Amino acid sequence: TIAFHWTTSNLAPELLEQSIFGKAELKKRKLATINPEEEDIKKLEELFQKRNAKSKGTPGAGGGKGGGQDQISNDMAKLLDLTRANNIAISLKAFNDFTFRSLAETIDDLDPDCKIVGERVQFIPSLLPTPKEIQSIKKYKGDDDKLITAELFFRQLVSIKRIEDKVQVMRTMSTFEEHVEEARAGFKTLQQVCSQVMNSEKLIQVLDMVLNVGNFMNQGTLTGGVEAFKFE
């Protein structure tokens, strides 16, 4: 038969006593120790016989998608990709209570009055121009009436220094308390789960059975006759 591959745990006696295997020793008076029967041993030998490896096929993959763009009037500046410009214009509808200038100033000042909160603060990163778009806006010297909504908004943003860092600070401040509560709830749940795992009598029985089976299969080897094993 093939060996039972596990990572044995050579713990100091005091650490072993604190582990779930140490708890198993303390509960053996209450729980019946489960050892493999003769019939079970035969089944183990059948299941873990060495077999020739079978080749596996490699599935193929493929697929694709495409799309088109709308056209705008030929007399417009056309500084941005039309699809990108349309997406920005749609997102800006969430800020109808701002003018483009006041929105830019609010971002530059890190929103001291907390006017941009909730879902709106999550929209801001998608509204920021890329370096290439910034260059296109800065190079344009024409009139505003040749610009579409997104380009007009970008004109107000290009002068803001470290705008991406400022937006990240705004998002962090807006969601900090929410994230703290989520983390606190998560740690509480983790603590409860760990307590349930370490005190589960059925789990101790299962692990004790696995330990006995592993020691049986690895009898006579360096990984046999162990008191505990590690979970990877």
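Up top is the structure these notes are about.
Residues numbered from 1 in each chain as written. Predicted model: local features only at pLDDT ≥ 70, side-chain atom pairs only at ≥ 80, totals over all residues. Heavy atoms only, no water.

S.K.: Would you explain the overall build of the protein chain in this entry?
M.R.: Across its full length, the protein chain holds 10 helices and 2 strands. Traced from its N-terminal end to its C-terminal end, the protein chain shows the element sequence β-α-α-α-α-α-α-α-α-α-α-β. Here the protein chain holds 232 residues, and 27% of them are scored as buried. Of all intrachain contacts in the protein chain linking residues separated by at least 6 positions in sequence, the fraction that spans at least 24 positions is 76%. About 16900 Å² of surface is accessible on the protein chain, with carbon and sulfur atoms providing 52% of the total. (Helix = DSSP H or I, 4+ residues; strand = E, 2+ residues; numbered from the N terminus. Buried < 20%, exposed > 50% of the residue type's maximum accessible area, 1.4 Å probe, protein only. Contact = heavy atoms within 4.5 Å. Areas by Shrake-Rupley, 256 points an atom, 1.4 Å probe, with all protein chains shown as cover.)

S.K.: Help me out: how do you make sense of the environment of Ala-77 in this one?
M.R.: Residue placement: Ala-77 occurs in the loop between helix H3 (38–47) and helix H4 (82–92). A C-alpha to C-alpha distance of 5.4 Å links Ala-77 and Lys-146, two positions 69 residues apart in sequence.

S.K.: Help me understand unusual backbone geometry, please; the structure alone is not making it clear to me.
M.R.: With glycine set apart, most residues show a phi of negative sign, and most peptide bonds adopt trans. Unlike most non-glycine residues, Lys-78 shows phi in positive territory, near 55°. Summarising the element assignment, Lys-78 is placed in the loop between H3 and H4.

S.K.: Before we go on, may I ask you to explain the packing of aromatic side chains in this structure?
M.R.: Any two aromatic rings considered together are summarised by their centre-to-centre distance and by the angle between their planes. Counting across every chain of the model gives 3 aromatic pairs. Their ring planes at 40° and their centres at 6.3 Å tell us that Phe-153 and Phe-154 sit as a pair that is tilted. Chaining the aromatic ring pairs together yields one cluster made of Phe-100, Phe-153 and Phe-154. (Phe/Tyr/Trp six-rings, centres within 6.5 Å; stacked < 30°, edge-to-face > 60°.)

S.K.: Any chance you could explain the packing of H4 against helix H8 (residues 149–157) here in plain terms?
M.R.: Axis angle and axis distance: for two packed helices, these are the angle between their axes and the distance between the axes, and together they describe the pair. Two numbers describe how H4 lies on H8: the axes approach to 8 Å, and their chain directions differ by 75°. By the criterion of interaxial angle, the relationship of H4 to H8 is roughly perpendicular. Here Arg-84, Ala-85, Ile-88, Ala-89 and Leu-92 of H4 lie close against H8, whose contacting residues are Thr-149, Ala-150, Phe-153 and Phe-154. Considered class by class, the residues forming the contact of H4 with H8 number 7 nonpolar, 1 polar and 1 charged. (Axes fitted to C-alpha atoms, helices over the stretch in contact; angles between N-to-C directions. Parallel < 35°, antiparallel > 145°, perpendicular 65-115°, else oblique. Nonpolar A, V, L, I, M, F, W, Y, C, P; charged D, E, K, R; others polar.)

S.K.: Where do I start with the side chain of Glu-133 in this structure?
M.R.: For Glu-133, the position within the fold is in helix H7 (residues 131–139). Of the polar contacts made by the side chain of Glu-133, one reaches the side chain of Arg-84; its length is 2.9 Å. When near neighbours in sequence (up to four residues on either side) are disregarded, Glu-133 contacts Leu-80, Arg-84, Leu-128 and Phe-154. (Polar contact = N/O pair within 3.5 Å; in protein donor to acceptor, adjacent residues only side chain to side chain.)

S.K.: Just checking my understanding: could you explain the pattern of salt bridges for this structure?
M.R.: Any two side chains of opposite charge can pair, so long as their charged atoms come close to each other. As enumerated under the stated definition, the model contains 5 salt bridges in all. The partner of Arg-120 in a salt bridge is Asp-97, with the nearest N and O atoms 2.8 Å apart. Residue Arg-120 is found in helix H6 (residues 119–123), and its partner Asp-97 is found in the loop between H4 and helix H5 (100–108); the two are separated by 23 residues along the sequence. Two residues, Lys-166 and Asp-108, come together in a salt bridge whose shortest N-O distance is 2.4 Å. You can see Lys-166 sitting in helix H9 (residues 163–198) and its partner Asp-108 sitting in helix H5, a full 58 residues away along the chain. Lys-166 gets classed as buried once you look at its relative accessible area, which sits at 15%. (Salt bridge = Lys/Arg side-chain N within 4 Å of Asp/Glu carboxyl O.)

S.K.: Whenever I open this one, the environment of Phe-216 confuses me. Can you help?
M.R.: Relative to the elements of secondary structure, Phe-216 occurs in helix H10 (residues 201–217). Each C-alpha atom, one on Phe-216 and one on Ile-41, is 9.0 Å from the other, the two residues being 175 residues apart in sequence.

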